[in-house]
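Examination of the molecular architecture
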Amino acid sequence: MESKEKDKAVLEDFPTISAEFRSLAPIYQDIIADITKRMGEGMTVFMKKEVMTNADWNEYCHYVAGLVGIGLSQLFSASKLEAEIVGEDTELSNSMGLFLQKTNIIRDYLEDIIEGRKFWPRETWGKHSENLEDFKESQNFDKSVHCLNDLVTNALGHVPDVLKYMSRIKNQSVFNFCAIPQVMAIATLACCYDNQNVFTGVVKIRKGQAVGLMMEATTMDNIKQIIYNYTKEIQKRIPADDPSAERTRQITSEILELSVTDKQSSCNVYLPLYVSGAMLTTAIVYQYWTNILQVYDDYI
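These numbers come from a predicted model, not from an experiment.

Points about the pattern of salt bridges
- Here the structure, examined in full by the defined rule, presents 15 salt bridges.
- Here Asp112 ties to Arg117 by a salt bridge, and the two come within 3.0 Å at their closest N and O atoms.
- Taking the relative accessible area as the measure of exposure, Asp112 reaches 9% and is therefore buried.
- When salt bridges that share partners are traced, they join Lys49, Asp56 and Glu59 into one network.

Structure (structure tokens):
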């Protein structure tokens, strides 16, 4: 039977990948070889190991995404596009990856359950149900959402690291490359928070909204503004009776304090990006960014 896995193209066209790898300078080959080796070894651990604790969740996300962040950061520094500290501070690089991966795992609950995969940590969901699969049943939605909000709160704990990491990036191309997935992740978490639709389908931000974020995520002030707006949206929706409400208020308050900018009153990503003549430009580039969006769609 032919595989339907999206990643099968990697195996089918591996000679091309191998040739490209061998064409790289040794310094880049060493980084890539080290990271992929560590990822492979880590993934084999979780072929037999269930994600039981929140520490396991961090470990799993480290192997599948945190190491990607570490490797990319090392490549940025090795290429001299960024300062050495970017590649050396593996804690921040790892946190960047964990934020994206946790967002994916939260959003993809139903798809994973249907496919027989379990990536939500038992330590968290076990407080609300005996079986993770039960969350998709409508009679359990109150407990399901409580668990969901707990995990979103956990993921939001990485946002301060995201802001610190992004503040160090100076090259514009690197900045855009790193910023786009992060702002789409915070937008996705805002959609998922306290939303029972996570248990009935896939919750995603609107394509037009995503394109707008991609166009805006070009400066540190804009990144802060976007994160501020979506964090504020989450904070406003914290249910008083939610078991993790206090922790959610604490982390959202911290994020809001870190993401305040001088432009707070004049910039709002929920309003049209431009007016008058700029609307024509937006329309022209919309299709271009929609195509680019497909590259990010599997990651956020």
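A look at the nonpolar core
- With 77 residues, the main nonpolar core has Ile106, Tyr109, Trp120, Leu156, Tyr165, Met166 and Phe199 as its most contacted residues.
- Per-element tally for this core: the top contributor is helix H11 (residues 172-192), with 13 residues.

Some remarks on the packing of aromatic side chains
- All told, the structure shown has 11 aromatic pairs when counted by the stated rule.
- The rings of Tyr109, Trp120, Phe135, Phe141 and Phe199 are connected pair by pair, giving a single aromatic cluster.

Details of the environment of Ile85
- Locating Ile85 in the fold gives a position in helix H5 (residues 84-88).
- For Ile85, a relative accessible area of 37% puts it in the partly exposed group.
- Considering only alpha carbons, one finds Ile85 and Arg168, 83 residues apart in sequence, at a separation of 8.4 Å.

Quick word on the packing of helix H13 (residues 220-236) against helix H14 (residues 245-258)
- Where H13 contacts H14, the two axes come as close as 9 Å, and the packing angle between them is 155 degrees. By the angle between their axes, H13 is roughly antiparallel relative to H14. H14 is crossed by H13, and the crossing has left-handed handedness. Residue-level contacts link Lys224, Ile227, Tyr228, Thr231, Lys232, Ile234 and Gln235 of H13 to Thr248, Arg249, Thr252, Ser253, Ile255, Leu256 and Leu258 of H14.
- Residue composition of the contact of H13 with H14, by class: six nonpolar, five polar and three charged.

Calculation criteria
Residues numbered from 1 in each chain as written. Predicted model: local features only at pLDDT ≥ 70, side-chain atom pairs only at ≥ 80, totals over all residues. Heavy atoms only, no water. Salt bridge = Lys/Arg side-chain N within 4 Å of Asp/Glu carboxyl O. Buried < 20%, exposed > 50% of the residue type's maximum accessible area, 1.4 Å probe, protein only. Core = buried A, V, L, I, M, F, W, Y, C linked by side-chain atoms within 4.5 Å. Helix = DSSP H or I, 4+ residues; strand = E, 2+ residues; numbered from the N terminus. Phe/Tyr/Trp six-rings, centres within 6.5 Å; stacked < 30°, edge-to-face > 60°. Axes fitted to C-alpha atoms, helices over the stretch in contact; angles between N-to-C directions. Parallel < 35°, antiparallel > 145°, perpendicular 65-115°, else oblique. Left-handed = near helix turned anticlockwise from the far one by under 90°. Contact = heavy atoms within 4.5 Å. Nonpolar A, V, L, I, M, F, W, Y, C, P; charged D, E, K, R; others polar.

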